[in-house]
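Here's the letter readout for the chains.
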Amino acid sequence: AGFSKNISDEIGKDYLKIILEKSKNRIDDIERFWKFLTLFQLEKYILDEAIFENQLFFKDLIDIKNKFMNLEIGLEVDKKLKELNIKLYEKEVFITFVYDELDVELTEKRENFIDGLVEFWKGNRNKYLQLKSKILLRTDIFKQLKIENKTHLEFNKYELQWTKDEILSLILKIITTALTESELKTIGLLDVINKNHEIIKDQELIK
């Protein structure tokens, strides 16, 4: 969630604030930050999953923070991403980056960060065919984006809608997973859950 791999502990508000200050909120520079971050996460995934041998281009997130404004390094990152895309094609491997909870992770100048993220993937979706992305945004945030040619995104947009029952069901699942039986009993939910399990069993028997 947030950055397609669990690195939220390392990318904190202070880190993102420095990215904004260095980029002076310029979308091109923020887009380059996402490109560097994509390469970093991609290479770590390739190594973690032992897809093929590879050396990390960036040592860590601090290395990205110090170098993302460099245009020449940006060209090297493009070249590296192309090389990895070819290798993934040869292995018949597709990798999807999922960005969720961006409304939680990004608080300061959120639209600028998301504009840069969407522009990066919009500009490269046909360049790196083995790399896919899913960017999950609240509708109100999507409407605020200053993306050029937003019409193009409409053809690749899927709207997820939740009913009241679905939301309540999700909340109940989260609560029951997080709490012990004793805690559920204390807040008066244990009997409700047990009764729900009995109903499900009865329905399965009827089938």
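Residues numbered from 1 in each chain as written. Predicted model: local features only at pLDDT ≥ 70, side-chain atom pairs only at ≥ 80, totals over all residues. Heavy atoms only, no water.

1. Overview of the overall build of the protein chain
Here comes step 1: When you go through the protein chain residue by residue, the secondary structure sums to 11 helices and two strands.
Here comes step 2: Evaluated residue by residue, the protein chain yields a buried proportion of 35% over its 207 residues.
Here comes step 3: Summed over all atoms, the accessible surface of the protein chain reaches about 13,800 Å², with 51% contributed by carbon and sulfur. (Helix = DSSP H or I, 4+ residues; strand = E, 2+ residues; numbered from the N terminus. Buried < 20%, exposed > 50% of the residue type's maximum accessible area, 1.4 Å probe, protein only. Areas by Shrake-Rupley, 256 points an atom, 1.4 Å probe, with all protein chains shown as cover.)

2. Observations regarding the side chain of Arg32
Here comes step 1: Here Arg32 is to be found in helix α2 (residues 27-48).
Here comes step 2: Other than its neighbours up to four places away in sequence, Arg32 contacts Phe68, Met69, Asn70, Leu71 and Gly74. (Contact = heavy atoms within 4.5 Å.)

3. Looking at the nonpolar core
Here comes step 1: Among the nonpolar cores identified, the biggest contains 44 residues, and Phe33, Leu42, Ile64, Phe113 and Leu131 are the most heavily contacted of them.
Here comes step 2: Elements that contribute at least two residues to this core include exactly α1 (13-23), α2, α3 (61-67), α4 (71-91), β1 (95-99), α6 (110-124) and α7 (139-144).
Here comes step 3: The dominant element in this core, judged by the number of residues it contributes, is α2, at nine residues. (Core = buried A, V, L, I, M, F, W, Y, C linked by side-chain atoms within 4.5 Å.)

4. Considering the pattern of salt bridges
Here comes step 1: Enumeration over the complete set of coordinates arrives at eight salt bridges.
Here comes step 2: Asp63 serves as the salt-bridge partner of Lys67, at 3.0 Å between the closest nitrogen and oxygen. Placement of both Lys67 and Asp63 in helix α3 is noted, with a separation of four residues, approximately one turn of the helix.
Here comes step 3: Given a relative accessible area of 8%, Asp63 falls into the buried group.
Here comes step 4: In this structure, Arg138 engages Asp140 in a salt bridge whose closest nitrogen and oxygen atoms are separated by 2.9 Å. (Salt bridge = Lys/Arg side-chain N within 4 Å of Asp/Glu carboxyl O.)

5. Topic: the packing of aromatic side chains
Here comes step 1: By the definition in use, this model includes nine aromatic pairs.
Here comes step 2: Aromatic pair Phe33 and Phe68: ring centres 6.0 Å apart, planes at 75°, arrangement edge-to-face. With Phe33 in helix α2 and Phe68 in the loop between α3 and α4, this residue pair connects regions lying 35 residues apart in the sequence.
Here comes step 3: Among the aromatic side chains, those forming a connected cluster through ring pairs are Tyr15, Phe33, Trp34, Phe68, Tyr99 and Phe113. (Phe/Tyr/Trp six-rings, centres within 6.5 Å; stacked < 30°, edge-to-face > 60°.)

6. Considering a nonpolar patch on the surface
Here comes step 1: Residues Val98, Leu136, Leu160, Trp162, Ile167, Leu168, Leu170, Ile171 and Ile174 make up a contiguous nonpolar surface patch of about 850 Å² in total accessible area.
Here comes step 2: Residue contributions to the nonpolar patch peak at five residues, all from helix α9 (residues 164-178).
Here comes step 3: Take Trp162: it is sitting in the loop between α8 (150-154) and α9.
Here comes step 4: Taking relative accessible area as the criterion, Trp162 reaches 53% and is therefore assigned exposed. (Patch = residues over 30% accessible without salt bridge, like charges linked within 9 Å, V, L, I, M, F, W, Y side chains within 5 Å.)

7. Considerations on the environment of Asn156
Here comes step 1: Assignment of secondary structure puts Asn156 in the loop between α8 and α9.
Here comes step 2: Overall, the relative accessible area of 39% leaves Asn156 in the partly exposed class.
Here comes step 3: With 34 residues separating them along the chain, Asn156 and Lys122 place their C-alpha atoms 10.0 Å apart.

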